[in-house]
Amino acid sequence: MKLINKSIPSIRLSEFISEIEDCIAAAFYGDTFWITTEISDVNKKPDKRWCYLKLIEKEGKNVTAEIGAVFWTPGYAYIEKFEKETKQLFKDGLEITCRVKVTFHKRWGLKLEVVEIDYAYTLGKLEAERQETLERLVKENPDHVKLVGEQYYTYNKSLPLPTVVQRIALITAPESDGQRDFKQELINNPYGYAFHVDEFVTQIQGDKAHEFILGKLLLIEAQKEKYDVIAIVRGGGSQLDLKAFDNYDLAQAVASFPIPILTGIGHDRNTSIVDLMARQEKTPTKVANVLIQRNFQFEQNVLELKERLSDTVDTLFTNAKNNLKEIKRFVKASNPLTILKKGFAIVKQNNVIVTNPSTIEVGAEIQIQFDKETISSTVTKKKKNGK
Amino acid sequence: MENELTYNEALSKLEEIVEQIEDDSIMLDTLTEKVAQANELIKYCETKLRTIEGDVRDVLK
């Protein structure tokens, strides 16, 4: 066999790759570059604090540029910061602006190492999307969403809370902190109020979460006479991925929903659009508390009324008794027998009371009635009083 | 005789009689009769008031 290759001068692969490495180093070593790119194939290794991914660019559906990228430990902290600041999971499909370093490895080839993420870019983009959704809600639902100053007024928020809240539809993630906190708070209420809670558990994070939550709302609406209020809660632990709660369709459904909705989505910086459309409380515990306080308020009102009633009744009977006592005293004082007891006497002639003595002649027989006895006597003399 | 009367009816009757007693021109004969009527009404009102109060307090318990 002829060894053709022997006749052509060649170098070893490693040497060749070293040359490529040198070229790249000469062109890029020590420099970093800011680029804006979509991310895909995100593969996080939280234990090692690395993350592999691809940076891509698309035209329509076609990927027109693509390169492998990696976060090593120093850059990995930016992923965490990004998630904390934007409340978004760092995941496929996001557009980010990041600072990269060109790296080349003999075996693993060309890669961009991401050393920083500009989350302000993503935040700005999210905020613009959010504003757009809010404007659309106002524009397309004039009967249900109104913006006055900086306040959003919705049909749902205008619904009064029932005077007493007892039947609650709870939308929450299964086995979540939010679910547990909410129920614990209700069960442990110090006044011993009883609540009936029907749970509608669903995924509340992720790309399809808004559809799942919307589905639960529709399910509740179909049996709306069974519920006083709806509570939508999620735990405060994870701050990530509130995107579902900024979804137009879900926000629209909440704004026009016929049963009052309270949200305890558990995040302190950003208010989601769903929060703006409903009664927003900070946490699941606070939502439960609002409901307990609502009932407490009612009980206080009832107790106060009871006290007022009791006071009014007391006054009424005291007055009535006093009035009667007064009349009794007067009648007693007016009783002729009472007068006789004081030493007065009634003069009668032929059993008729005499009020005018001029009709009585000297010698006439008269009866004098005292308290206990009546005396018959004969008139012997007459004389005008005071003479 | 007064069994059908409400408390307020009995009371206004009583007040009417009191007014008649207050009238200076009332005859002594009539007075005795009015006082008797008044006493009867007073007794009726007292009983009625006690019964009503008992009932109300029961309801309020």
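Residues numbered from 1 in each chain as written. Chains lettered and ligands numbered in written order. Predicted model: local features only at pLDDT ≥ 70, side-chain atom pairs only at ≥ 80, totals over all residues. Heavy atoms only, no water.

K.L.:
I keep staring at the domain arrangement of chain A and nothing clicks. Help me out?
P.N.:
Interfaces are often described in size by the accessible area the parts lose on coming together. Entries for chain A in the domain assignment read domain 1 (9–117), domain 2 (125–296) and domain 3 (339–378). For domain 1 of chain A and domain 3 of chain A, the distance between their C-alpha centroids amounts to 133 Å. (Domains from an automatic or database assignment.)

K.L.:
When you look at helix α2 (residues 13–28) of chain A in this model, what are you seeing that I'm missing?
P.N.:
Within an α-helix, residues lying three or four positions from one another point in the same direction, as the helix has 3.6 residues per turn. Along its 16 residues, α2 of chain A runs 22 Å from first to last C-alpha, staying within 8% of the 22 Å computed at 1.5 Å per residue. Remark: G30 of chain A follows α2 of chain A within two positions and exhibits a positive phi of approximately 85°. (Helix = DSSP H or I, 4+ residues; strand = E, 2+ residues; numbered from the N terminus. Expected span 1.5 Å × (residues − 1).)

K.L.:
Even after reading the chapter, I still don't get the sheet that holds strand β4 (residues 95–105) of chain A, so can you show me in this structure?
P.N.:
The strands making up a sheet associate through backbone hydrogen bonding, with each pair oriented either parallel or antiparallel. Residues and elements named next belong to chain A. Taken together, five strands build a closed barrel; the order of strands is β1-β2-β3-β5-β4 and the barrel is mixed. On average, each strand axis in the sheet is tilted by 55° relative to the strand beside it, whichever way the strands run. The pairing of strand β1 (residues 33–45) with strand β2 (residues 50–59) spans six bridges and is classified as antiparallel. Following the sheet pairing, K44 is matched in β2 by C51. Lying over the sheet, α2 contacts β1, β4 and β5 (109–117), oriented at roughly 135° with respect to β4. Contacting β1, β4 and β5, helix α4 (residues 119–140) runs over the sheet at an angle of about 150° to β4. (Pairing = 2+ DSSP bridges. Axes fitted to C-alpha atoms, helices over the stretch in contact; angles between N-to-C directions. Contact = heavy atoms within 4.5 Å.)

K.L.:
How should the interface of chain B and chain A be read in this particular structure?
P.N.:
Taken residue by residue, the interface counts 24 residues in chain B and 20 residues in chain A. For the pair chain B and chain A, the summed buried area comes to about 2,000 Å², and 78% of that belongs to carbon and sulfur atoms. Contact with chain A buries surface across chain B, with L28, L49 and L60 of chain B losing the most and accounting together for 25% of the total. Joining chain B to chain A, the criterion identifies three salt bridges. A salt bridge links R57 of chain B to D314 of chain A, with the nearest nitrogen and oxygen atoms 2.7 Å apart. Summed over the shared surface of chain B and chain A, the result is three residue pairs in polar contact (both at pLDDT 80 or more). Class assignment for the residues of the side of chain B that touches chain A results in 16 nonpolar, two polar and six charged. (Buried area = accessible area lost by both parts, 1.4 Å probe. Salt bridge = Lys/Arg side-chain N within 4 Å of Asp/Glu carboxyl O. Polar contact = N/O pair within 3.5 Å; in protein donor to acceptor, adjacent residues only side chain to side chain. Nonpolar A, V, L, I, M, F, W, Y, C, P; charged D, E, K, R; others polar.)

K.L.:
Before we go on, may I ask you to explain the nonpolar core in this structure?
P.N.:
Nonpolar side chains tend toward joint burial in soluble globular proteins. Ranked by size, the top nonpolar core spans 35 residues in total, and within it L217, I220, I230, F245 and M277 of chain A carry the most contacts. Counting only elements with at least two residues in this core, the list comes to α4, β8 (167–172), α7 (209–221), β10 (229–233), α8 (248–255) and α9 (273–277) of chain A. Counting residues per element, this core draws most heavily on α8 of chain A, which supplies six residues. Aside from chain neighbours lying at most four places away, what touches F245 of chain A is I204, I213, I232, R234, L250, I265, S272, I273 and V274 of chain A. The next biggest cluster of nonpolar side chains, apart from the first, holds 23 residues, and it includes L5, Y7, Y44 and C45 of chain B. (Core = buried A, V, L, I, M, F, W, Y, C linked by side-chain atoms within 4.5 Å. Buried < 20%, exposed > 50% of the residue type's maximum accessible area, 1.4 Å probe, protein only.)

K.L.:
What's the story with the pattern of salt bridges in this structure? I'm lost.
P.N.:
Pairing is possible between side chains of opposite charge, provided their charged atoms come close. Applying the stated criterion to the full structure yields 20 salt bridges over all chains. A salt bridge links D181 of chain A to R180 of chain A; its shortest N-O distance comes to 3.7 Å. A relative accessible area of 27% means that D181 of chain A is categorised as partly exposed. It is possible to trace a salt-bridge network through shared partners that takes in D314 and K321 of chain A together with E53 and R57 of chain B.

K.L.:
Would you take a moment to explain unusual backbone geometry for this structure?
P.N.:
Of all residues except glycine, most have a negative phi; of all peptide bonds, most are trans. Residue and element names in this part refer to chain A. Even without being a glycine, E175 presents a positive backbone phi close to 55°. Along the chain, E175 turns up in the loop between β8 and α6 (177–187). Unlike most non-glycine residues, N351 shows phi in positive territory, near 65°. Following the sequence through the fold, N351 ends up in the loop between β13 (346–349) and β14 (352–353).

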